[in-house]
Amino acid sequence: MAEIQLKNISKRWGSFVGVDDFNLTIADQEFLVLLGPSGCGKTTTMRMIAGLEDVTSGDILVDGERINDLEPKDRDCAMVFQSYALYPNLDVYENIRFPLRMRKVPQSEHKDRVMRASAMVELDDFLHRKPAELSGGQRQRVALARAIVRQPNVFLMDEPLSNLDAKLRVSTRAQIKNLSHELKVTTIYVTHDQIEAMTLADRVVVMEKGVVQQVGTPTDIYDMPANTFVASFIGSPAMNLLTGTLDNGTFSGANVKITGIDSPHSGPVTLGYRAEDAIVNGDNPSIDAPVYSMELLGDATMVTFKIGGTIATVKADKDFRAKIGDKVRANIPAAICHLFDATTGERL
Ligand code: ATP
């Protein structure tokens, strides 16, 4: 059991605010991802939970008990870092066993637990190699096994896939997802990669400049971004954001007109739409601009337009072809548009 409550936790260094008033209850066995750009306070939040960083104000509770003053070693959190942090002079077996020795687990249990943890990450054949004799992916699996072997209450993972190449990242990601499902341990996972967040998380916390922007399931965050920051951070490509004016349900911006928007608002707005929700060669074209560029993605063709100084994308069929400068009838259906306050960026 490990339900974690973060109650108004903040971290300040002098006048600089690293994390501002973070409030959240993380359910037992939940896979929570902290997502945001570099410097937004993800790692600091995780380090405060691990006890590696003091909390300036607020409380951290695990299963209702305040742990602010507990030493890291007494918090029962196993950490996995981007840098693996393996002992170079110990072989894989001893690296995985290390936490058991540190925590004075009876010797008689070591072999069994190391073997089980190493089997879970498919390292059985590498137990007598030193870290230098392993690939990056294998090293990260040693780090994972070393976290698993402790049977902790909480896993804390800080960008564990960042040092792996793209292909290995995808397979290790799947392995982490599978492990978390099998082990049923509350997990907090830090990343700046929105695809990792979307694929792994039960819930995602999007952060910017120390402030939580939105908490929700990947679907919530994708379908209903709370503001333009979240909208522009989630999705590949990110949501298109166009500035313009809304009047009686009609949005008008540079080279764009969309009618039939069901909204009581009027005046300056930011309109968002996802490239995949737009329709190429639809009736009633919304974009009146020539094609700026085309990208073949294999399963689709991405058509881009330059609208009022910003690039707007529309996803077309994989066989769709047009030339730069062509006029393409791209329709942005009113029903799929997102509206945000032009000044604050908050969802309307
Ligand atoms: P990254 O993805 O680059 O690791 P992050 O979101 O994890 O970024 P943090 O490491 O949590 O960001 O840092 C949040 C902010 O706090 C940053 O602006 C960072 O420079 C600052 N910060 C971190 N540690 C300290 C410290 N010991 N003293 C002062 N400022 C710090």
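The model shown is predicted, which means the values in this text are computed figures rather than measured ones.

## Considerations on the site of the ligand
- Surveying the vicinity of the ligand reveals the residues Trp13, Phe16, Gly18, Gly36, Ser38, Gly39, Cys40, Gly41, Lys42, Thr43, Thr44 and His192.
- When residues of the shell around the ligand are assigned to their parent elements, the largest contribution, 3 residues, is made by helix H1 (residues 42–50).
- A breakdown of the residues in the shell around the ligand according to their chemical character gives 3 nonpolar, 8 polar and 1 charged.

## Some points on the sheet that holds strand S17 (residues 301–307)
- Taken together, the 3 strands give an open sheet; going across it, the order is S16-S17-S18, and neighbouring strands pair in antiparallel fashion. At either end of the open sheet lies a strand with only one pairing partner, and these are strand S16 (291–296) and strand S18 (310–316). Strand-to-strand twist across the sheet, computed as the mean angle between neighbouring axes with direction ignored, equals 25°.
- Of the strand pairs in this sheet, S17 and S18 are connected by 7 bridges, and their pairing is antiparallel. Paired with valine 303 across the strands is valine 314, a residue of S18.

## A closer look at the domain arrangement of the protein
- Partitioning the protein into domains gives domain 1 (4–231) and domain 2 (237–341).
- On a C-alpha basis, the centres of domain 1 and domain 2 stand 38 Å from each other.
- Every contact between the two is made by 4 residues of domain 1 and, on the other side, 6 residues of domain 2.
- The class makeup of the residues in the side of domain 1 that touches domain 2 is 2 nonpolar, 2 polar and no charged.

What counts as what
Residues numbered from 1 in each chain as written. Predicted model: local features only at pLDDT ≥ 70, side-chain atom pairs only at ≥ 80, totals over all residues. Near = placed C-beta within 6 Å. Helix = DSSP H or I, 4+ residues; strand = E, 2+ residues; numbered from the N terminus. Nonpolar A, V, L, I, M, F, W, Y, C, P; charged D, E, K, R; others polar. Pairing = 2+ DSSP bridges. Axes fitted to C-alpha atoms, helices over the stretch in contact; angles between N-to-C directions. Domains from an automatic or database assignment. Contact = placed C-beta atoms within 7 Å.

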